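# Survey of secondary and tertiary structure
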Amino acid sequence: MFNPSPLPVASRAELVAALEHADAPSLALTLAHLTGDPSVLPALGGGGSWLTTPQGGIPPRERARLRSLAAEVLAPGGAAERAGDALPEPGLLRALTRWALGEDTTALLPMIAEDLAGARTDPKRPRWRRQPGSRLSVAIVGAGMSGLLAAHRLAQAEVPFEIYEMGEDVGGTWQHNDYPGCRTDVPSQLYHYSFAARTDWPDHFCEREVVQGYFRDFAKEFRLVEHIRFRTEVTEAAWDEEEALWRLRMRTPEGEREARAAVLVCATGQLCRPSFPAIPGRDSFAGLSLHSARWEPGTDLTGRRVALIGTGASAAQIVPAIAGRTARLSVFQRTAPWLRPTPHYRAPVPEAERWLLEHVPFYREWQRFWLFAPGIGERGVLDGWIVDPGHPPTERAVSARNEALRAALLASMTAQVADDPELLARVVPDYPVGAKRVLRDDGSWLRTLRRPDVRLVTERISGIAPDAVLTADGERHEVDAIVWATGFRASEFMAPMRITGRGGTELSESWNGDARAYLGLTVPGFPNFFLLYGPNTNLAGQGGSIFYFSECGTTYLLDALRVLQESGARSAEVRGGIHDHYNAWVDQGNALRPWGFSGTTSWLRNAHGRSAQNWPYSAAEYWRLTRGFNPEEYLIR
Ligand code: NAP
């Protein structure tokens, strides 16, 4: 099902027709690879603005040249046939990747080569196996993106494991977020495991059902389902020092259960539990009350007067999907979102492009790489995010580059509502680009807000009455239903699970709302305990995918288990000094990013004002730090 091998090119007519739909930078990289000639790469345009420049800014004339070259290279007897199945040699790979990233990639080549080879040879798979008599066993909490991945890697290493999942299905956040309009905001060509690619994504950004289907297929194909205990909520996990293992208590429909394992992996992520704001009278509402992350399937809002609270990523998908069905829709905005132009956001992948993905050798790999490129190094996403004290940073922009991004996004928004300056003034954010997640925009957000049956309310909500939302200007907004698109309790990692480590220390008490971990993975005082999608592993921009970070974390986890087995030790616990030093460095980075600098509200900062969510550096940096477990950083007992 995953990674179908490319088929031979069938007919020239088909090829020429399909090439009309090629993504120019991906095609350019493919051709340079297949011909071995980097001089075929055209100049990139758009000042390198990853956020706003489609097709890498390659002009139409150059795109036509690439298509003609492709017809030759991919014809029977052409260079593609002679190229074979190998990745480019290092010199060529350096030239290609330097072109895409706009920086020297010498140090990044191992990471890039590993990802490019992912779908063909899965170089990240563990090369070791559990030995007979080994005491390794793993309990995984959560069957979402990270939990399934860890399970698959453990299965490859023949380490016994069980997954405990409180829901009824796999997919984690995708299982629970079943609201109208739900889809990814990271391209599907990137939003998957590197070693389990698909060429047949129906949309560029697939709908929730497709993403959920991917996880189901994955769990089935790799025979993980039989290891999952569904409807099983882990309530407590305690480290048993004498036995050197974790004891788990869980709630199941059949009653309380207990389990034990040498290693505990918490893969519950950051976007698990819904957040409801503490608005006076919230519980008094007598109508239908729905949270985006706990949507009741089959809920019909047709003909109802609906209040939707929030204007984040969830709201941006729900509002266009329900407007028109509702009798009236009032959208309550506290802070406006920045919108990133993505005209194909809700568009299907044309048949012809799917044909290219299936037939043209390495096109799929290079397209994934091109989508990932802005997140890999220092010159892509990060370049626009770094606070420049010399600029000087303000709530408008944190650097000249960030100011340029602001100008580009503002121009795009202005073009959409130029005839309505009053609306424009209300939808333009008053904080730097990047201080909150930038939302994908195909025009439907502002178009929907302009509908006669939709109203954007920017007055502060002062309370909720049984039949209305009340605003500070004294207005009663009478409604039949409230949709809470108010996000997640992202700072409360793993809550309400009680996790007790060495000496009886309870994790959430010791964190006190300010979660920290070494590499987002391990915590002092908690031996043989690993988090996946833990503190400070969230991505800053749209230049990568959280799958990548989970893959890095899982590589590290498996290497830690290998070291444990080889050393004959029973436990590994990160040293406090290593953990503290690392977190100081992460905090330093985050303080110089828009989400750390800006005073605007967001889930990217906790109640202490610290960003315990985002990773402030490049994806390559996280890869470098997690590619191997260093026992010197741990107390190995
Ligand atoms: P969110 O980004 O935290 O947005 C919550 C919204 O609720 C914000 O607009 C917030 O306003 C508003 N809000 C909270 N309390 C409020 C109050 N008292 N009065 C008025 N408004 C209030 O949550 P989300 O939209 O669910 O997204 C969370 C994250 O989930 C995203 O950043 C993304 O990482 C992920 N996500 C991804 C997708 C996808 O497409 N793949 C879709 C949905 C979510 P303020 O901005 O003023 O705080």
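Quick summary incoming for the structure in this document. (Residues numbered from 1 in each chain as written. Predicted model: local features only at pLDDT ≥ 70, side-chain atom pairs only at ≥ 80, totals over all residues. Heavy atoms only, no water.)

## Looking at the packing of helix H2 (residues 24-35) against helix H12 (residues 363-376)
Orientation of H2 relative to H12, taken along the N-to-C sense of each, is 125°, at an axis distance of 8 Å. As judged from the angle between their axes, H2 and H12 are oblique. Here H2 runs over H12; the crossing is right-handed. Within the contact between the two elements, H2 uses Pro25, Ser26, Leu27, Leu29, Thr30 and His33 and H12 uses Tyr363, Trp366, Gln367, Phe369 and Trp370. Here the contact of H2 with H12 is composed, by residue class, of 7 nonpolar, 4 polar and no charged. (Axes fitted to C-alpha atoms, helices over the stretch in contact; angles between N-to-C directions. Helix = DSSP H or I, 4+ residues; strand = E, 2+ residues; numbered from the N terminus. Parallel < 35°, antiparallel > 145°, perpendicular 65-115°, else oblique. Left-handed = near helix turned anticlockwise from the far one by under 90°. Contact = heavy atoms within 4.5 Å. Nonpolar A, V, L, I, M, F, W, Y, C, P; charged D, E, K, R; others polar.)

## Thoughts on the state of the cysteines
Scanning the model with the defined rule gives 0 disulfides in all. In this structure Cys182 is not part of a disulfide, and its nearest cysteine sulfur, from Cys206, lies 12 Å away. Of the residues examined, Cys182 reaches a relative accessible area of 6% and is grouped as buried. Here Cys272 is not disulfide-linked; the sulfur of Cys266 is the nearest cysteine sulfur, at 10 Å. (Disulfide = S-S within 2.5 Å. Buried < 20%, exposed > 50% of the residue type's maximum accessible area, 1.4 Å probe, protein only.)

## Describing the pattern of salt bridges
Tallying each qualifying case throughout the model produces 49 salt bridges. For the salt bridge of Glu365 with Arg120, the shortest nitrogen-to-oxygen distance reads 2.6 Å. With Glu365 in helix H12 and Arg120 in helix H6 (residues 109-121), the pair connects residues that are 245 residues apart, well separated along the chain. By sharing partners, the salt bridges in this structure join Arg305, Asp467, Arg476, Glu478 and Asp480 into a single network. (Salt bridge = Lys/Arg side-chain N within 4 Å of Asp/Glu carboxyl O.)

## As for the site of the ligand
Taken together, 25 residues lie around the ligand, and Thr311, Ser314, Arg334, Thr335 and Lys436 are the ones closest in. A distance of 2.6 Å is found between an oxygen atom of the ligand and a side-chain nitrogen or oxygen belonging to Lys436. Ala485 places a main-chain nitrogen or oxygen 3.4 Å from an oxygen atom of the ligand. Protein coverage of the free-state accessible area of the ligand, which is 910 Å², stands at 86%. Examining the composition of the shell around the ligand, we find that 3 residues originate from one element, helix H10 (residues 313-322), more than from any other. Here the shell around the ligand spans two domains, since at least three of its residues come from each of domain 2 (138-273 + 490-625) and domain 3 (282-338 + 391-484). (Near = heavy atom within 4 Å. Polar contact = N/O pair within 3.5 Å; in protein donor to acceptor, adjacent residues only side chain to side chain. Areas by Shrake-Rupley, 256 points an atom, 1.4 Å probe, with all protein chains shown as cover. Domains from an automatic or database assignment.)

## A look at the pairing of strand E14 (residues 461-465)
Looking down a regular strand, the side chains alternate between one sheet face and the other. Most of E14 sits out of view: 4 of its 5 residues are buried. As paired elements, E14 and strand E15 (residues 468-471) share 4 bridges and run antiparallel to each other. Each residue of the ladder has a partner; that of Ile464, found in E15, is Val469. Between E14 and the antiparallel strand that follows it, E15, lie 2 residues. (Pairing = 2+ DSSP bridges.)

## Side note on the packing of aromatic side chains
One pair of aromatic rings is described through two measures. These are the centre distance and the angle between the planes. Counted according to the given criterion, the structure contains 31 aromatic pairs. Ring centres of Tyr518 and Tyr582 lie 5.2 Å apart, and the angle between their planes is 85°; this geometry places the pair in the edge-to-face category. Taken together, the residues Tyr518 in the loop between helix H17 (507-511) and strand E19 (529-531) and Tyr582 in helix H19 (residues 576-591) connect sequence positions 64 residues apart. One exposure class covers both Tyr518 and Tyr582, and it is buried. When the ring of Phe549 is compared with that of Tyr622, the centres are 4.8 Å apart and the planes differ by 10°; the resulting orientation is stacked. Taken together, the residues span a long stretch of sequence, with Phe549 in helix H18 (residues 546-567) and Tyr622 in helix H21 (residues 619-626) at a distance of 73 residues. (Phe/Tyr/Trp six-rings, centres within 6.5 Å; stacked < 30°, edge-to-face > 60°.)

## Some thoughts on the pairing of strand E2 (residues 161-164)
Sheet analysis places strand E1 (residues 138-141) next to E2, joined by 4 bridges and oriented parallel. For Ile140, the partnering residue across the bridge sits in E2 and is Ile163. Following the chain from E1 across helix H7 (residues 145-156) to the adjacent parallel E2, one finds a crossover that is right-handed. Inspection of the sheet shows E2 paired to strand E3 (residues 228-229) by 2 bridges, in the parallel sense. Counterpart to Ile163 in the pairing with E3 is Ile228. (Right-handed = clockwise from strand over helix to strand, strands pointing away.)

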